[in-house]
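# Commentary on secondary and tertiary structure
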Amino acid sequence: MDISPEDAKLVTLARTSRARTNAEHGAAVRDQDGRTYVASTVVLPSIRIDALDLAVAMAVSSGATGIEAGALVGEMMPEPLVSGTAVRDVSGHGIHVYLADPSGQVVRVRTT
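Just so it is clear, the structure is predicted and the values come from calculations on it, not from any experiment. (Residues numbered from 1 in each chain as written. Predicted model: local features only at pLDDT ≥ 70, side-chain atom pairs only at ≥ 80, totals over all residues. Heavy atoms only, no water.)

## Describing unusual backbone geometry
How we decide: Put simply, DSSP H or I for four residues or longer makes a helix, DSSP E for two residues or longer makes a strand, and each gets a number counted from the N terminus. Exposure is judged per residue with a 1.4 Å probe applied to protein chains only, and the accessible area is read against the type maximum: over 50% gives exposed, under 20% gives buried, and values in between give partly exposed.
With a phi angle near 55°, asparagine 22 is a residue other than glycine that sits in the positive phi range. If you trace the backbone, asparagine 22 turns up in the loop between helix 1 (5-21) and strand 1 (25-31). Asparagine 22 gets classed as exposed once you look at its relative accessible area, which sits at 73%.

In structure tokens, the structure reads:
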């Protein structure tokens, strides 16, 4: 699957985040100004935060008002939900989220 260099960068950042923390998923988002935010799934006894939602939360807490694109890397079975994520809360419908396997190979694109 051909994706733009900017979107491929999101996949690389998400893959690196997942590998660094040995998490279920790694995610990256790009805001309306081109800044990127990276996160991995957080699982603690008292809380569980999805990587994609956390990356969006980090963007919003840094002043982002919109998300241009996102990437989620990890095992895709069962397929992670994308349509009900924080990406849609911030940017509405029509935002592409690239789903990639642990090797970074994009396996599908979901749209919020």
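## Thoughts on the sheet that holds strand 6 (residues 96-100)
For clarity, the threshold we go by: Two strands form a pair only when DSSP identifies at least two bridges running between them. Helix axes are fitted to C-alpha atoms over the stretch in contact, other axes to C-alpha atoms as well, and angles between N-to-C directions run from 0 to 180 degrees. Throughout, a contact is declared for two residues whenever any of their heavy atoms are within 4.5 Å.
Taken in spatial order, the five strands of this open sheet run 2-1-5-6-7, and their pairing is mixed. Because the sheet does not close on itself, it has two edges, and the strands there are strand 2 (36-40) and strand 7 (106-111). Ignoring which end each strand starts from, the neighbouring axes of this sheet average 15° apart. Of the pairings in the sheet, the one linking strand 1 to strand 2 comprises five bridges and is antiparallel in character. What sits directly across from valine 29, in strand 2, is tyrosine 37. Across the sheet, helix 2 (residues 51-61) is in contact with strand 1, strand 2, strand 5 (67-74) and strand 6; its angle to strand 2 comes to roughly 140°.

## Digging into the nonpolar core
Just so we agree on the cut-off: In plain words, nonpolar cores are sets of buried Ala, Val, Leu, Ile, Met, Phe, Trp, Tyr and Cys residues tied together by side-chain atoms within 4.5 Å.
Ranked by size, the top nonpolar core spans 18 residues in total, and within it Val29, Leu52 and Ile67 carry the most contacts. Of all elements in the fold, only strand 1, strand 2, helix 2, strand 5, helix 3 (86-91) and strand 6 reach the threshold of two or more residues within this core. Here the element with the most residues in this core is helix 2; it accounts for five residues. Ignoring sequence-local partners within four residues, the contact set of leucine 52 consists of Ala27, Val29, Ala71, Leu72, Thr85, Val87 and Val97. By size, the runner-up hydrophobic cluster in this structure holds 10 residues, among which are Val11, Ala69, Ala71 and Tyr98.

## Topic: the side chain of aspartate 7
Residue placement: aspartate 7 occurs in helix 1. Take aspartate 7: its relative accessible area is 8%, and that puts it in the buried class. Beyond its immediate sequence surroundings of up to four residues, aspartate 7 is in contact with Arg30, Ala69 and Tyr98.

## Some words on the pattern of salt bridges
Quick note on the threshold: Here, a salt bridge means any Lys or Arg side-chain nitrogen found within 4 Å of an Asp or Glu carboxyl oxygen.
For the structure on display, the rule yields five salt bridges. Arginine 30 is the salt-bridge partner of aspartate 7, the closest N and O atoms lying 2.9 Å from each other. In this pair, aspartate 7 sits in helix 1 while arginine 30 sits in strand 1, placing the two residues 23 residues apart along the sequence. Here arginine 48 and glutamate 24 are joined by a salt bridge, their closest N and O atoms 2.6 Å apart. A residue pair is termed long-range when its members are at least 10 positions apart, and arginine 48 in strand 4 (residues 47-49) and glutamate 24 in the loop between helix 1 and strand 1 qualify at 24 residues. On the accessibility criterion, glutamate 24 (41% relative accessible area) is partly exposed. Here the salt bridges share partners, and the residues they tie into one network are Asp7, Arg30 and Glu68.

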